Amino acid sequence: MSQALAILRTIAAAACLCAASAWAAADVDAVDVDAAPARVVSMNLCTDQLALMLAAPGQLHSVSYLAVDPRNSALAEEARAHRVNHGRAEEIYLMQPDLVIAGSFTTRATVSMLQRLGVPVEVFEPAYSLEEVRTRILQMGAVLGREAAAQALVEDYDRRLAALRSTVEQRPDAVLYYANGYTSGDKTLAGEILTAAGFDNAAVAAGFSSGGILPLEVLAMLEPDALITSQPYPGASRSEAILDHPVVRKMREGRANGVFTDRDWVCGTPYVLRAIEELGALRHDLQGD
Amino acid sequence: MRRLAITLCALLAVLFLASLTLGPARIGPVESLSALFGNDAGPLNLVMREIRFPRALLAVMVGGSLGLAGAAMQGYLRNPLAEPGLIGVSGSAALGAVIAIQTGLAGAFVLALPAFALGGALAGVLLVVALAGPRGSSLTLILAGIAISALAAALTSLVLNLSPNPFAANEIVFWMMGSLADRSMTHVWIALPFMVVGWALLVTLGRGLDALTLGEAAAGALGISLSRLRLTLILGTASVVGAATAVAGAIGFVGLVVPHILRPLVGARPSALLWASALGGAIMLLAADIAVRLILPERDLKLGVVTALVGAPLFLHLIYKTRREMG
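Predicted model, so just to flag it, every value in this text is computed and none were measured. (Residues numbered from 1 in each chain as written. Chains lettered and ligands numbered in written order. Predicted model: local features only at pLDDT ≥ 70, side-chain atom pairs only at ≥ 80, totals over all residues.)

Asks: Tell me about the overall build of chain A, and please be specific about residues and values.
Replies: Along its length, chain A carries 13 helices and 11 strands. A buried classification covers 42% of the 289 residues belonging to chain A. Pairs at least 24 residues apart make up 61% of the contacts formed inside chain A by residues separated by at least 6 positions. (Helix = DSSP H or I, 4+ residues; strand = E, 2+ residues; numbered from the N terminus. Buried ≥ 20, exposed ≤ 12 C-beta atoms within 10 Å, placed from the backbone. Contact = placed C-beta atoms within 7 Å.)

So, in structure tokens, the structure goes:
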């Protein structure tokens, strides 16, 4: 009896496997015939924006739900023209994409599930520097088969970045301060935005080259010339209450302080240039030139 | 008795000074203490007055409140297992606080935070006292506590998960375990009025609780009104636990460990145990807050982790003892 059951189970498993590999084979064929994927689903905020900038009309089928939120996304308006996904394997599989683009922080379970189902998945690392923004643009151009558009975007980015990186004689120091007391050191994308805008990152003196929690006490002792804080999200939270702590409030008084909007800062897209521009203006105000 | 009072006060003073001189900004102890009282407007002054002083002060206020509430509840229920954290009062207070924050009321009106936490705590105590009955058998008390804690924790998580704020859901751990990191004088001021009222109510219980050790009939004969005693206990406990939880999250086991250690030292008299437990609670929380800063200075290790590591084994021991007595 149990033997019969085991055999049945094996047959069922084999049938499933066959079906899955047939699917996979069909997909591989499709990709081979036409080099550029025709139905692309992106499931990460940063790849959403790169794809929105580079994809051919009709090529991008769906973007993540974060991409339509103007607080997070610089291209929320453009994103609304696409279907929205929530990064769940089931919904993405049913969209029958011939390419899925995920971020390296996308749940591993989701990505491997999609791969088991035979869907090609490209995984993008986040950009940790201004240089890596170029790399990501070119990578996106390559996977979408839009190399020429990517090359043009990179050239434009290089030109504008070079123009913004004016030489500064006196560099005021600044600290980036987010919810939960998090800060970014100089070896981060946000840190490089700060440096490119002509500031010195005061958190480096406190031993932060990457990101980490900067204790409130240490922030007070650093006494930076400028304090740049994140913009609170709607709905209160204890994590963001630190930005309203009396110490932080007192540090804002009589100091240059900027509030940054996540949409230009979190992703390695050419919109980081807009963040550099805004910070540069803050520095001009601070130095009175 | 006087020796105990002097010892506890001295210990409290030493730990308070230690707490003031401890922090991630490397400042010498003499330098930091003189900055606290000095009048220059430098950053050191700001660090001492707006970060370290409120933190140490809140540890004393919150710890003292929890110790006092634990001693009072144990005296009334005549059960050493009654503790605000274990029986769900702190958890209900956290739910009230979270509702005040997420509805935006706490932002509009600062006292809404402790008031809502007090409301939550009040609901928690009423439920426990009603479910456990006046004599509070251990079994019903603990079962009622489990049920109320679980419900309050689930509702707190639900409210935080429903929040549109991306950070809110990560704060569940703060509300369950408690922390004094990055508090300010604002928190001292919003908690203090409620705590003062609660302390004033709870210290009046001494005579009644002493009489109650002779049994309810004897206490009645001594002129103690049991219903008034119960009402004072409920309001006082809700007041101090609500205010403590609103600013520091739910911190368990302080009200269990402290009265247990001090009971033999005060001759098991509930009235003496009240003030001794208030001092002892303040000492325990100051020590725990120093410990979290020494063990993991860069991270916000929660206070409840340390108090539970000390308290949970003791709790198991007490349950074992209770079972033996009942068996």
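Asks: Please provide a residue-by-residue account of the pairing of strand β6 (residues 173-177) of chain A, values included.
Replies: Residue and element names in this part refer to chain A. The buried count for β6 comes to 4 of 5 residues, which makes it a mostly enclosed element. As defined by bridge partners, β6 adjoins strand β8 (residues 200-201) across 2 bridges and the pair is classed as parallel. In the strand pairing of β8, Ala174 is matched with Asn201. Here β6 pairs with strand β10 (residues 226-230) via 4 bridges, running parallel. For Tyr177, the partnering residue across the bridge sits in β10 and is Thr229. (Pairing = 2+ DSSP bridges.)

Asks: I'd like a description of the environment of A:Leu153, backed by residues and values.
Replies: Locating A:Leu153 in the fold gives a position in helix α7 (residues 147-164). Excluding residues within four positions of it along the chain, A:Leu153 makes contact with A:Met53, A:Leu54, A:Ile137 and A:Pro270.

Asks: Give me the lowdown on the nonpolar core, citing residues and values where you can.
Replies: In this structure, A:Ala51, A:Ile193, B:Ala72, B:Ala97 and B:Leu113 are the most contacted members of the largest nonpolar core, which totals 189 residues. Broken down by element, the residue count for this core peaks at 20 residues, all from helix α3 (residues 43-77) of chain B. (Core = buried A, V, L, I, M, F, W, Y, C linked by C-beta atoms within 7 Å.)

Asks: Which residues make up the sheet that holds β10(A), and what values do they have?
Replies: Residue and element names in this part refer to chain A. If you trace the 4 strands from one edge of the open sheet to the other, you get β8-β6-β10-β11, paired in parallel fashion. Either end of the sheet is taken by a strand with one partner, and the two such strands are β8 and β11 (256-260). Sheet strands touched by helix α13 (residues 272-287): β10 and β11. Its angle to β11, the strand with the most contacts, is close to 165°. (Axes fitted to C-alpha atoms, helices over the stretch in contact; angles between N-to-C directions.)

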